[in-house]
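A structural walkthrough
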Amino acid sequence: MSHQQDKLATQIVSVGREKKYSKGIINPPVYRASTVVFDTMDDMRFAIKNKTNGEMFYGRRGTPTHFSFQQAISELEGGAGTALYPSGAGAISGALLSFLKSGDHLLMVDSAYEPTRDLCNKLLAGFGIETTYYDPLIGEGIKELIKPNTKVLFLESPGSITMEIQDVPTLSRIAHEHDMVVMLDNTWASPINSRPFEMGVDISIQAATKYIVGHSDVMMGTATANEAHWEQLRENSYIMGQTTSPDDVYLAARGLRTLGVRMAQHDKNALKVANWLASRPEVDHLRHPAFETCPGHEFYQRDFSGGNGLFSFVLKQGNLASVTAFVENMRHFKMGFSWGGYESLILGVFGIDRLRTATKWDTSKPLIRLHIGLEDPDDLIADLTAAFERFNEVIENNS
């Protein structure tokens, strides 16, 4: 049963709950399996024939727990099918390796997630796959970087840490004119705040670890493909042995049901904190897609239906000592990697210039990344107020 005619909030609650998977239970149960047994040869032949259509065949192919969640993500993203992976990084590598081979050329956005860059430089390069990094705001200029052997254009919008928003429809159109596969790390939007396939994307990737799970307790990735690319993604990912625990899938499916209300609250809280930060004299500019100071803001206004809790801000001055004073000894912000859970997180980010080859980053102005959780934003603002006091004290003592 399709839920495309329903409003988004209804879709989030309803998708992936067909009786053939749920057996009438509200949350599809956890089916743990390796071997699946059959009563007759006809039963086995039927399962083999329909193994890609939700029939139990072998545990690595999936169980009803997996099938229901895959159906839910596919419908929310607007794709034909979804492959599951044990992490977001696994989804990125699984998707790229499904469509690249030795001698191919990859166009990778310069603002990509650091593990994605490591994958290109350390693994794909060893396989004979060449990577060219490009400015996330390149637009029509991407044409100049396309080679006869360019097979994949990889996007991440907004970009990791520095939050540049890309002109996805333009880049997708140009890529398709050259028979390239367009992949998008769509984690920031989650499956509900953008429509990647309507913008020309062929494969939309999620670190489900983040907002889909929503509780910082599961590692998982998804890659959703359109009809033209689903079979190749599905089969190659299966060949590479990509699989996920049904217990983790259950938690991701449960987290999915509150995605809409969580995202709305993250967005509301983050905007309140961001507006307060914009008034601080220490802040040079915000890297929040909803603000004009964020590169590509106009594409955010056009292509996204909402935001979340993740953004960065750049300070006018500072060094390791002052930024350390800022991010340490917080009451509510915890220092740690990842994001998308209910808790607020903070990172002082150095070395961005070492992760950019097609663009330059001004290292004289420190960047701090925040994930605004579900706490009361007034408490978070009080925490940041104290952080600025510590920061300014170090600056004054060093002046």
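Residues numbered from 1 in each chain as written. Predicted model: local features only at pLDDT ≥ 70, side-chain atom pairs only at ≥ 80, totals over all residues. Heavy atoms only, no water.

1. Considerations on the overall build of the protein
- When you go through the protein residue by residue, the secondary structure sums to 13 helices and 12 strands.
- The C-alpha radius of gyration computed for the protein amounts to 22 Å, which stays within 12% of the reference 21 Å derived for 399 residues, consistent with globular compactness.
- With respect to the principal axes defined by its C-alpha atoms, the protein has extents near 80 × 50 × 35 Å.
- The burial tally for the protein puts 57% of its 399 residues in the buried class.
- Counting 38 positive and 48 negative side-chain charges, the protein places the averaged centre of each group 4 Å from the other. (Helix = DSSP H or I, 4+ residues; strand = E, 2+ residues; numbered from the N terminus. Rg over C-alpha atoms; globule rule 2.2 N^0.38 Å. Buried < 20%, exposed > 50% of the residue type's maximum accessible area, 1.4 Å probe, protein only. Lys, Arg positive; Asp, Glu negative; His and termini not counted. Charge placed at Lys NZ, Arg CZ, Asp CG, Glu CD.)

2. Examining the pairing of strand S4 (residues 150-156)
- Buried residues dominate S4, accounting for six of its seven residues.
- Bridge count between strand S2 (residues 105-109) and S4: four bridges; the pairing is parallel. Within the sheet, the bridge partner assigned to histidine 105 lies in S4 and is threonine 150.
- Relative to strand S5 (residues 181-185), S4 runs parallel, the two being bridged by five bridges. Following the sheet pairing, leucine 155 is matched in S5 by leucine 184.
- Assessed by its sense of winding, the connection that carries the chain from S4 through helix H7 (residues 168-177) to S5 is right-handed. (Pairing = 2+ DSSP bridges. Right-handed = clockwise from strand over helix to strand, strands pointing away.)

3. Let's talk about helix H13 (residues 377-398)
- Taking 1.5 Å of rise per residue, the 22 residues of H13 would be expected to cover 32 Å, and the 31 Å separating its terminal C-alpha atoms lies within 8% of that figure.
- Taken together, the buried positions of H13 are occupied by Pro377, Leu380, Ile381, Asp383, Leu384, Ala387, Phe388, Arg390, Phe391, Val394 and Ile395. (Expected span 1.5 Å × (residues − 1).)

4. Structural notes on the layout of surface pockets
- For the largest pocket, the calculated volume is near 820 Å³.
- Around the largest pocket, the lining is made up of 40 residues, and of these Tyr113, Glu114, Pro115, Ser160 and Arg369 lie nearest the centre.
- Listed by contribution, the elements that provide at least two residues to the lining of the largest pocket are helix H5 (88-99), helix H6 (114-124), strand S6 (203-206) and strand S11 (345-349).
- Of the residues contributing to the lining of the largest pocket, the split by class is 20 nonpolar, 11 polar and nine charged.
- The computed volume of the second largest pocket comes to approximately 580 Å³.
- Surrounding the second largest pocket, 29 residues form its lining, Thr52, Phe67, Gln70, Thr82 and Trp230 being those nearest its centre.
- Elements represented by at least two residues in the lining of the second largest pocket include exactly helix H4 (64-77), strand S1 (81-85) and helix H8 (227-239).
- When residues in the lining of the second largest pocket are grouped by element, the largest group, six residues, is from H4.
- Each residue belonging to the lining of the second largest pocket can be placed in one class, and the counts come to seven nonpolar, 16 polar and six charged. (1 Å grid on protein atoms, 1.4 Å probe; cavity = no way out; pocket = protein on both sides within 12 Å on 5 of 7 lines; lining within 4 Å. Points joined across faces, edges and corners; volume = space filled by probe spheres on them. Nonpolar A, V, L, I, M, F, W, Y, C, P; charged D, E, K, R; others polar.)

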